[in-house]
Amino acid sequence: MNTFQELGLNEDLLHAITDLGFETPSDVQQKAIPILVDKETDLVALAQTGTGKTAAFGFPMLQKINIDSRTTQGLILSPTRELCLQITNEMKLYGKYCKGLNVVAIYGGSSITDQARDVKKGAQIIVATPGRMKDMINRKLVDISKIEYAVLDEADEMLNMGFYEDITDILSYTPAEKNTWLFSATMPQEVSTIAKKFMRNPTEITVGNKNESTNQVSHEYYLINSRDRYDALKRLSDANPDIFSVVFCRTKRDTQKVAEQLIEDGYSAAALHGDLSQNQRDLVMKSFRNKQIEMLVATDVAARGIDVDDITHVINYQLPDEIETYTHRSGRTGRAGKTGVSMVLVSKSEVRKIKSIERIIKKQFDKKEIPDGMEICEVQLMSLANKIHNTEINHEIDKYLTSINSLFADTSKDELIKKFFSVEFTRFYNYYKKTKNLNVEASFSDEREFSKESNSTRYFINVGSKDGYDWMSLKDFLKDVLELGRDDVFKVEVKDSFSFFNTEKELQEKVLAFFTDFKHEGRFVNVEVSENRGGDRSRSRSRGPRRDDRKGGEKGRSDRRSGSRSENRSTSAGSGNRSERRRSENASKPRRSGGSDSKSSSSGFDRPRRSRR
Ligand code: ADP
Ligand code: MG
């Protein structure tokens, strides 16, 4: 841990830092400042909001520009007027002992002539929003042709707000040999595109989240019978067609066994545990990084160093012996600003541990249900439809078009679609049509034991995910309108068009009284005492992990979709004749139809490599 003095900043800046009361540099400052001060380099820095990014680029910029010159040498682009003003203020504070420094803010909604006048006086640094900046350039009110340092602050936000073209336009007026420093909380596709387009070999730094359990991870548990554990695992995988996951087992033996079963059932899986040689482990990790393996089955010890960024799911096949270990497991996902899901398979006898884990991670678990067969079929079908929709046409096919067309001369479009999709759908349908419900009904006494207090009331409320709620936002809503404390509303379970929640029994009267004739956004919100103590299977079918996921999750998923995860998981047919060996669900398995020869899928290594975009 370095002090500010050790980061290479000059006396004037250190003096200001003392005045500001900054004692130690934040992580992103520790990493970015020495690099930017020492080197002429492009930089991509990923760090959450509130981590001190302004100072991370502000101090180096102030140190490197020539204050004796009046030429504009630094340009900072930021998404909003507020941020623009905030950064300008900070820069002025940081540079308060740099005599002659002139930092000017350029943003919409304020006089452009005033801003132009300030620039004209000689602004070494301009902090701007993209829209107004472009305007000023078009009217020749600024000259950024001598810029040496350009900062894209909150790059993800700027692109979210549709500033892509403005940014590219603005940068085209700056010299090619400048250094570009990009700061962002997340790294969606658009940001990497910008980085690729405008930066040369950028140094990359990533700063972990401030809070120990990242809020990018949602936690789910599934109550199952121990004997159904493996089948439940497969269903979770099948219900998430783009899964890229680490599956944690308790022992080396289980790790090996589960991996072997998955491979046998056609999944691209591999085991990672201490009985493998270093060489074997390296090989496994390489395949995992390349996404040739979609399910890495690992022991806690072996998985310790895994630093792969885009893991979508962590699956706790078994809970760890030490529940503290859970944090390490779930931290494998939701990295680098992406969202992730940590799933736990628990039997009735273990369910109490969930509560202890909640205490450690200071977050609530969502109780989810293992999706049923038809839901999985639907998810797979829609995923395939999306992939086909997004597929680039391979024109090598053109020459066969005439013969194919003649074959389908009498087939309507609908019929053709149905036939085409049946190839894949029937495989899953035949496998799943007769499978049973894997969820265990929590008995009254279990629920009571697990419930926060036995003395609570469960309510039914007629709003759900259709109305835009997830369990967190519904909990917040209830807390707010009822004016209750943090923990007074619990066990919130959101379904499609309705939800459930609990309060202490004492609050029952207040809750029911409040919701008599309560209208929200033009509709009556109805709350009744539910007959149901915990789960609500009698009222509805759970919709499975895909659809009642949080909004954040969905966003994350679509980010991933457009990200480096490849879409070309093979979806070919013709695998129905394989693997009649294991009998855990029923005889015919939905094979991941990867390679057509069984050797390739049994090693999991030599699949066609998925292209990365
Ligand atoms: P970000 O851009 O990552 O959102 P900011 O640069 O706005 O973060 O910084 C957040 C707050 O932390 C600001 O009020 C800033 O003055 C303060 N701050 C930044 N660096 C330090 C530091 N090293 N020590 C104490 N406070 C700091
Ligand atoms: Mg900032």
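Attention in this report is confined to the structure presented alongside it. Chains are numbered independently. Their residues run from 1 in the order of the written sequence. Written order determines the labels here, with chains lettered from A and ligands numbered from 1. Side-chain atom pairs in this predicted model are given and counted only at pLDDT of 80 or more, local residue features only at pLDDT of at least 70, and totals for whole chains, interfaces and linings cover all residues. The side-chain numbers reported here are obtained from all heavy atoms of the structure, hydrogens and water having been left aside.

**Observations concerning the packing of aromatic side chains**
Pairing of aromatic rings covers Phe, Tyr and Trp, the last counted by its six-membered ring, and requires centre-to-centre distances within 6.5 Å; plane angles under 30 degrees mean stacked, over 60 mean edge-to-face, and any other angle means tilted. Under the defined criterion, the tally for this structure stands at 22 aromatic pairs. Geometrically, the ring pair formed by Tyr459 and Phe501 is stacked, given 4.8 Å between the ring centres and 20° between the ring planes. You can see Tyr459 sitting in strand β15 (residues 456-461) and its partner Phe501 sitting in strand β17 (residues 499-504), a full 42 residues away along the chain. Pair check on accessibility: Tyr459 and Phe501 agree, each one buried. Aromatic ring contacts, followed pair by pair, group Tyr469, Phe477, Phe514, Phe515 and Phe518 into a single cluster. In this structure, Lys291 is placed above the aromatic ring of Phe244, and the distance from its NZ or CZ to the ring centre is 5.1 Å. Note on conventions: DSSP H or I runs of at least 4 residues are helices, E runs of at least 2 residues are strands, and numbering of each starts at the N terminus. Think of it in three bands: residues with accessible area under 20% of the maximum for their type are buried, residues over 50% are exposed, and the middle band is partly exposed, with areas taken using a 1.4 Å probe on protein chains only. The rule is short: NZ of Lys or CZ of Arg within 6 Å of the ring centre and within 35 degrees of the ring normal puts a charge over the ring.

**Let's talk about the sheet that holds strand β16 (residues 490-494)**
Judged by pairing direction, the sheet is antiparallel, and its 4 strands sit side by side in the order β16-β17-β15-β20 without closing on themselves. A single partner strand is all that each edge strand has here, and the edge strands are β16 and β20 (527-529). Averaged over all adjacent pairs, the angle separating strand axes in this sheet is 25°, with direction ignored. Paired strands are those between which DSSP finds at least two bridges. Alignment of β16 against β17, held across 3 bridges, turns out to be antiparallel. What sits directly across from Val494, in β17, is Ser499. A fitted line through C-alpha atoms serves as each axis, taken over the contacting stretch for helices, and the angle formed by two N-to-C directions is quoted from 0 to 180°.

**Here's the deal with the nonpolar core**
Grouped together as the largest cluster of nonpolar side chains are 41 residues, with contacts concentrated most on Leu9, Met61, Ile76, Met91, Ile125, Trp181 and Phe183. Contacts are residue-level and defined by heavy atoms, with any inter-residue pair within 4.5 Å sufficient. Sequence-distant contacts of Ile125, that is, excluding residues within four places in its chain, are made with Met61, Leu62, Ile65, Gly74, Ile76, Met91, Leu101, Asn102, Val103 and Val104. Working definition of a nonpolar core: buried Ala, Val, Leu, Ile, Met, Phe, Trp, Tyr and Cys residues. They are joined through side-chain atoms within 4.5 Å. Of all hydrophobic cores here, the second largest spans 31 residues; its members include Ile126, Ile144, Ile167 and Val191.

**Concerning the site of ligand 1**
We call a residue near a molecule or strand when any one of its heavy atoms sits within 4 Å of it. Looking at ligand 1, there are 15 residues lining it, with Thr24, Gln29, Gly50, Thr51 and Thr54 nearest. Contacts to ligand 1 include Thr24, whose backbone N or O atom sits 2.9 Å from a nitrogen atom. N or O atoms within 3.5 Å of each other form a polar contact, as long as, within protein, one can give a hydrogen and the other can take it, and as long as residues adjacent in sequence are counted only when both atoms are side-chain atoms. Side-chain polar atom of Thr54 to an oxygen atom of ligand 1: 2.6 Å apart, as the coordinates give it. Elements supplying a minimum of two residues to the shell around ligand 1: α3 (53-64) and α4 (81-94). Looking at side-chain class alone, the shell around ligand 1 contains 3 nonpolar, 10 polar and 2 charged residues. For this scheme, ten residues count as nonpolar: Ala, Val, Leu, Ile, Met, Phe, Trp, Tyr, Cys and Pro. Four count as charged, namely Asp, Glu, Lys and Arg, and the remainder, Gly too, count as polar.

Distances and angles like these do not, on their own, reveal function.
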